[in-house]
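Working through the structure, step by step
Residues per chain are reported as follows:
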Amino acid sequence: MSTAPDPIRVLVCDDQALVRTGYVTILSAQPDLEVVGEAVNGHEAVAASRRLHPDVVVMDIRMPLLDGIQATRQLAGPDIKDTNPPKILVVTTFNVDAYVYDALRAGASGFLLKDAPPTELVNAIRTVARGEALLAPAVTRHLIGHYAGHLRPAANAHPAKDDVVTALTPRELEVLQHIAEGLSNTEIATAMYITPETVKTYVSRVLAKLGLRDRVQAVVLAHRTGLAQGTT
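Right, let's get into the overall build of the chain. Secondary structure assignment for the chain yields 11 helices and six strands. A buried classification covers 48% of the 232 residues belonging to the chain. Counting every atom, the chain has about 11,500 Å² of accessible surface; 54% of that belongs to carbon and sulfur.

A few words now on helix α8 (residues 170-180). Helical geometry note: an α-helix holds 3.6 residues per turn, so side chains three or four residues apart project in the same direction. Of all 11 residues that make up α8, eight are buried, and the element is covered over most of its length. Residues of α8 that are buried: Glu172, Leu173, Val175, Leu176, Gln177, His178, Ile179 and Ala180. Where α8 terminates, the next one or two residues include glycine 182, which has phi positive at roughly 90°.

What follows deals with unusual backbone geometry. Unusually for a residue other than glycine, histidine 53 sits at a positive phi of about 55°. Inspection of the secondary structure puts histidine 53 in the loop between α2 (42-52) and β3 (56-60). Its relative accessible area of 57% is what places histidine 53 among the exposed residues. Of note in the backbone geometry, leucine 65 takes a positive phi value of approximately 70° without being a glycine. Take leucine 65: its relative accessible area is 71%, and that puts it in the exposed class.

With that settled, consider the confidence of the model for the chain. Looking at the chain as a whole, its pLDDT mean stands at 81, while 78% of the residues score no less than 70. Low confidence marks residues 151-159, where pLDDT is under 50. Its contacts with residues over four positions away, or in another chain, come to 12 contacts.

Bringing the pattern of salt bridges into the picture now. A complete count under the given rule lists six salt bridges for this structure. For glutamate 38, the salt bridge is made with arginine 20, and the minimal N-O distance between the two is 3.2 Å. Remark: arginine 20 occurs in helix α1 (residues 17-28) and glutamate 38 occurs in strand β2 (residues 33-39); sequence separation between them is 18 residues. Of the residues examined, glutamate 38 reaches a relative accessible area of 43% and is grouped as partly exposed. Arginine 126 is paired through a salt bridge with aspartate 32; the nearest N and O atoms lie 2.8 Å apart. Taken together, the residues span a long stretch of sequence, with arginine 126 in helix α5 (residues 118-129) and aspartate 32 in the loop between α1 and β2 at a distance of 94 residues. Aspartate 32 gets classed as partly exposed once you look at its relative accessible area, which sits at 27%.

Here the focus is α1. For α1, with 12 residues, the first-to-last C-alpha span of 16 Å sits near the 16 Å given by 1.5 Å per residue. All buried positions along α1 are accounted for by Val19, Arg20, Tyr23, Val24 and Leu27. Summarising the axial view, the buried residues of α1 lie within an arc of 130°, below the 170-degree limit, and thus occupy one face. Residues of α1 that are exposed and point over 90 degrees away from its buried face: Leu18 and Thr25. Looking at the buried side of α1, the elements it contacts are β1 (8-13), β2, β3, β4 (87-92) and α5.

Glancing now at the side chain of threonine 127. By the element assignment, threonine 127 lies in helix α5. A polar atom in the side chain of threonine 127 sits 2.8 Å from the backbone oxygen of asparagine 123.

Thresholds, definitions, all that
Residues numbered from 1 in each chain as written. Predicted model: local features only at pLDDT ≥ 70, side-chain atom pairs only at ≥ 80, totals over all residues. Heavy atoms only, no water. Helix = DSSP H or I, 4+ residues; strand = E, 2+ residues; numbered from the N terminus. Buried < 20%, exposed > 50% of the residue type's maximum accessible area, 1.4 Å probe, protein only. Areas by Shrake-Rupley, 256 points an atom, 1.4 Å probe, with all protein chains shown as cover. pLDDT = per-residue confidence, 0-100. Contact = heavy atoms within 4.5 Å. Salt bridge = Lys/Arg side-chain N within 4 Å of Asp/Glu carboxyl O. Expected span 1.5 Å × (residues − 1). Arc of directions from axis to C-beta. Polar contact = N/O pair within 3.5 Å; in protein donor to acceptor, adjacent residues only side chain to side chain.

Structural data, given as structure tokens:
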């Protein structure tokens, strides 16, 4: 007799009580999700995560004492020695886009707009829990449009660009460019006249060949090396 998989353990971090209550209510109604704790600032988020070992942390960016970017870096940053760090799902609004690029580099696995419908929040948590990165296309496009100057490569970045071009096939390079534009797998499939399943295979190959953890890192790499379409 098969048993149901363990629920996804979620920690909710937001300094607004109404927002936290809303998240908890939405998530607690899902049979495959379990809210294991709440935090009202970055310090509490880090402490609670290390104590409760959630699978996913829903992280606000603007919080007192320690913001969500610093908390993300402490929990899932590149220098973390934890072999199984929590996945960080950052919730954001367009008026805090200045922080989103920093959160990308801090180790966040996904982004979602605060005004997204409840179903998108639930699906986003499930997505990052599976180890897949989630970039809301609207967030990615808006970020790129406003912060292209920060993402364009420095002059000494061209060797890295050459390395990437050498490592990938032309079709894989095209997929990387579409990822950098913020396209979903379905949108990439339409643009390239292939199936979404084939896109998933290409994405996996791109990440493996370039040693990238997830789709978020692929976006940053494409823009920092000038491989994203429209960058020079």
